[in-house]
Amino acid sequence: MQTDTIVLGAGIVGISVALHLQKAGRSVLLVDKRSPGQETSYGNAGLIQREGVYPYGFPHDFGALIRYAMNNTIDAHYHWNAIPKLAPFLWSYWMHSRASQHEAIAHKYATLIEHCVSEHDALAQEAGATNLLRRKGWMKVFRTAAQQDARLAEAARWNRDFGLNYRALDVATLRSEEPHLDQSLIGGLHWTDPVTVVDPLGLSKAYVARFEELGGKLALGDAGTLVQDAAGWSVTLTDGTKAQAKDAVVALGPWADVVTTKLGYHLPLAVKRGYHMHYKAQGNAVLNHPVLDTERGYFLAPMLQGIRLTTGAEFADRDAPKTPVQLARAEPIARTLFPLGERVDAEPWLGRRPCTPDMMPIIGPAPKHKNLWFSIGHAHHGLTLAAVTGRMIAEMVTGQKVFVDPTPFSAARFG
Ligand SMILES: Cc1cc2nc3c(=O)[nH]c(=O)nc-3n(C[C@H](O)[C@H](O)[C@H](O)COP(=O)(O)OP(=O)(O)OC[C@H]3O[C@@H](n4cnc5c(N)ncnc54)[C@H](O)[C@@H]3O)c2cc1C
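Cut-offs used in this document
Residues numbered from 1 in each chain as written. Predicted model: local features only at pLDDT ≥ 70, side-chain atom pairs only at ≥ 80, totals over all residues. Heavy atoms only, no water. Helix = DSSP H or I, 4+ residues; strand = E, 2+ residues; numbered from the N terminus. Rg over C-alpha atoms; globule rule 2.2 N^0.38 Å. Buried < 20%, exposed > 50% of the residue type's maximum accessible area, 1.4 Å probe, protein only. Areas by Shrake-Rupley, 256 points an atom, 1.4 Å probe, with all protein chains shown as cover. Axes fitted to C-alpha atoms, helices over the stretch in contact; angles between N-to-C directions. Parallel < 35°, antiparallel > 145°, perpendicular 65-115°, else oblique. Left-handed = near helix turned anticlockwise from the far one by under 90°. Contact = heavy atoms within 4.5 Å. Nonpolar A, V, L, I, M, F, W, Y, C, P; charged D, E, K, R; others polar. Pairing = 2+ DSSP bridges. Near = heavy atom within 4 Å. Polar contact = N/O pair within 3.5 Å; in protein donor to acceptor, adjacent residues only side chain to side chain. Core = buried A, V, L, I, M, F, W, Y, C linked by side-chain atoms within 4.5 Å. Salt bridge = Lys/Arg side-chain N within 4 Å of Asp/Glu carboxyl O. Phe/Tyr/Trp six-rings, centres within 6.5 Å; stacked < 30°, edge-to-face > 60°. Lys NZ or Arg CZ within 6 Å of the ring centre and 35° of its normal.

Observations concerning the overall build of the protein chain
Then comes step 1: Regarding its fold elements, the protein chain presents 11 helices and 22 strands.
Then comes step 2: Relative to its length of 415 residues, the protein chain is compact, with a C-alpha radius of gyration of 21 Å against a globular reference of 22 Å.
Then comes step 3: Considering only C-alpha atoms, the protein chain reaches an extent of 65 × 45 × 45 Å along its principal axes.
Then comes step 4: Looking at the protein chain as a whole, 58% of its 415 residues are labelled buried.
Then comes step 5: Summed over its atoms, the accessible surface of the protein chain is roughly 16,500 Å², and 55% of this surface lies on carbon and sulfur atoms.

Rendered as structure tokens:
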């Protein structure tokens, strides 16, 4: 089979790249080893984080470090045996998270984030999927005045520096907008710009359907078979046939190394694992907004499947067996935050956020190979930035002016 472009990886990032390329008039084959949207992009918290100009950094405050050293928090957990291998990544992540570095990164990152809602809106409109989007923002809720003051001060700073909109919620307003949350909460912070997705898999499927409507093709295959040949790039598909194309885009999320390592790239990629579980609500209780339990470090998001509890970062080997201890710690607390009913899923879902140490994705040409493109490393914001990334890659591949300066996101920054 001959196409213009092969996109490897049908998560929300690869799907958005494929759709944008097909819209731009390229014939595209989207290759995955399973059906689209079933891995990391399936289980996230559904936030299109228009407020997320500061990518999630490594905490530098002493209290948090002591807590993490105990390895018994909800927001972070690590496998001791993974630490030696992860140490170089963690060190670099730590260094990039220092206040001055983080601020410099935020100013680059914001150039992507500022388009996240408008670019998803455009794709969702085209795919007939706007019914999966909610325009009510999301909330941080507080148990202590110290956190409330710190987060509101941060929001005021981000409003000043980046024009992000928020509301400070006093107790009465929080109770009236979220009447079923724990009455001992002292207030909240409502980010009003973000849009949220009530069915991330549904969004992936809708974008894929639009891609196919425009003539795009899907195939099962292993990205590890990618080879460069005289005509460009080829992949062996599961049915034994060969697919060939001039250009190939690597959008394999946490599995990018399957291709990059083989081709001689030593990118500093790692994963932060995370879990989810769905719950029914008790009685007539309703959760109107996605909510972060700020002091405890887990998230509740109302989804079509139920109320999705998502956990923070687990530092472990990508392929190590599930250890959902953060979920076990969060669940009893979440039950006091909101009247959760019975579990919906048979077992916790595990996902892997594909991370770089400078917290920014890699979007652009592969430095050592012609007609090879990277679209990886979106960490906590792969859903948020998928549509922006898709448009950027399509513009690069087709030689158009790229609507966001791609320089800060080049793989070349890692040498
Ligand atoms: C708990 C949790 C909550 C999150 N919440 C949010 C949120 O609210 N907002 C947000 O923006 N982001 C969130 N994220 C992050 C977001 O989900 C990811 O950044 C995003 O899904 C990454 O998308 P991707 O397409 O790069 O990777 P994936 O969705 O993992 O897609 C990679 C694809 O590559 C395929 N693949 C792997 N190996 C091969 C191979 N050898 N050959 C062929 N195909 C292969 C896989 O099958 C998969 O389909 C969250 C993540 C987690 C874990």
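Back to the write-up after that little detour.
Some details on the packing of helix α1 (residues 12–23) against helix α5 (residues 116–127)
Then comes step 1: Two elements in contact, α1 and α5, have axes whose closest approach is 12 Å; the angle formed by their N-to-C orientations is 70 degrees. Overall, the two elements α1 and α5 adopt an arrangement that is roughly perpendicular. Two packed elements cross with a definite hand, and for α1 against α5 that hand is left-handed. When α1 is examined against α5, the residues S16, L19, H20 and K23 are found in contact with a partner set consisting of E119, L123 and E126.
Then comes step 2: Grouping the amino acids of the contact of α1 with α5 by side-chain chemistry returns two nonpolar, two polar and three charged.

Quick look at the sheet that holds strand β9 (residues 195–197)
Then comes step 1: Reading across from one edge, β3-β9-β5 is the order of the three strands in this open sheet, with antiparallel pairing throughout. Lying at the two open borders of the sheet, with one neighbouring strand each, are β3 (47–48) and β5 (133–134).
Then comes step 2: With two bridges joining them, β3 and β9 adopt antiparallel strand pairing. Paired with I48 across the strands is V195, a residue of β9.

Focus on the site of the ligand
Then comes step 1: Neighbouring the ligand are 33 residues, the closest being D32, T40, S41, A379 and T384.
Then comes step 2: At 3.1 Å, a backbone N or O of V13 approaches an oxygen atom of the ligand.
Then comes step 3: Between the ligand and G46 there is a distance of 3.3 Å, counted from an oxygen atom to a backbone nitrogen or oxygen.
Then comes step 4: Isolated, the ligand exposes 1,000 Å² of accessible area, and the fraction of that covered by the protein chains is 98%.
Then comes step 5: Broken down by secondary-structure element, the contributors of at least two residues to the shell around the ligand are α1, β20 (349–355) and α11 (382–397).
Then comes step 6: For the shell around the ligand, a count of residues per class yields 13 nonpolar, 14 polar and six charged.

Concerning the environment of R67
Then comes step 1: By secondary structure assignment, the location of R67 is in helix α2 (residues 62–70).
Then comes step 2: Spatially, the C-alpha atoms of R67 and P268 are 26 Å apart, while their sequence positions differ by 201 residues.

A short note on the side chain of E119
Then comes step 1: Within the secondary structure layout, E119 lies in helix α5.
Then comes step 2: By relative accessible area, which is 8% here, E119 ends up buried.

Considerations on the nonpolar core
Then comes step 1: Membership of the largest hydrophobic core comes to 81 residues, with the highest contact counts inside it found for V7, L21, I48, L112, L203, Y207 and M392.
Then comes step 2: A per-element tally of this core places α11 first, with 10 residues.
Then comes step 3: Once you skip the residues sitting within four places of it in the chain, L21 turns out to touch T5, V7, R26, V28, V249, A394 and V397.
Then comes step 4: Core analysis: the second largest hydrophobic core is formed by 27 residues, A245, A248, V259 and A366 among them.

A short note on the pairing of strand β21 (residues 362–365)
Then comes step 1: Strand direction decides the pairing type here: β21 and strand β22 (residues 372–376), joined by four bridges, are antiparallel. Along β22, the bridge assignment pairs G364 with F374.
Then comes step 2: Where β21 folds back on β22, the antiparallel hairpin that results is connected by six residues, among which N371 adopts a positive phi of roughly 60 degrees.

Focus: the pattern of salt bridges
When charged atoms on two side chains of opposite charge get close, those side chains can pair.
Then comes step 1: Under the definition given, this model contains 23 salt bridges.
Then comes step 2: Here D247 makes a salt bridge to R26, at a shortest N to O gap of 3.5 Å. Taken together, the positions of D247 in strand β13 (residues 242–250) and R26 in the loop between α1 and β2 (28–32) put the pair 221 residues apart, joining distant regions of the chain.
Then comes step 3: Close ionic contact of K85 with D317 constitutes a salt bridge, the shortest N to O distance being 3.7 Å. Placement of K85 in helix α3 (residues 83–96) and of D317 in the loop between β18 (313–315) and α10 (325–337) is noted, with a sequence separation of 232 residues between them.
Then comes step 4: Classification of D317 as partly exposed rests on a relative accessible area of 35%.

Things to note about the packing of aromatic side chains
Then comes step 1: Tallied over the entire structure, the rule returns 11 aromatic pairs.
Then comes step 2: Seen in terms of ring centroids, Y54 and F162 are 6.2 Å apart; in terms of plane orientation they differ by 90 degrees. Their pairing is edge-to-face. Placement of the pair is Y54 in the loop between β3 and α2 and F162 in helix α6 (residues 145–162), with a sequence separation of 108 residues.
Then comes step 3: Given the relative accessible area of 16%, F162 is considered buried.
Then comes step 4: A ring pair is formed by F58 and W94, whose centres lie 5.6 Å apart and whose planes are at 85 degrees; its orientation type is edge-to-face. Highlighted residues: F58 in the loop between β3 and α2 and W94 in helix α3, separated in sequence by 36 residues.
Then comes step 5: A relative accessible area of 23% places W94 in the partly exposed class.
Then comes step 6: Here the aromatic cluster, defined as three or more aromatic residues joined through ring pairs, consists of Y54, W158, F162, Y166 and W191.
Then comes step 7: Lying across the ring of Y265, K368 places its NZ or CZ 4.8 Å from the centre.

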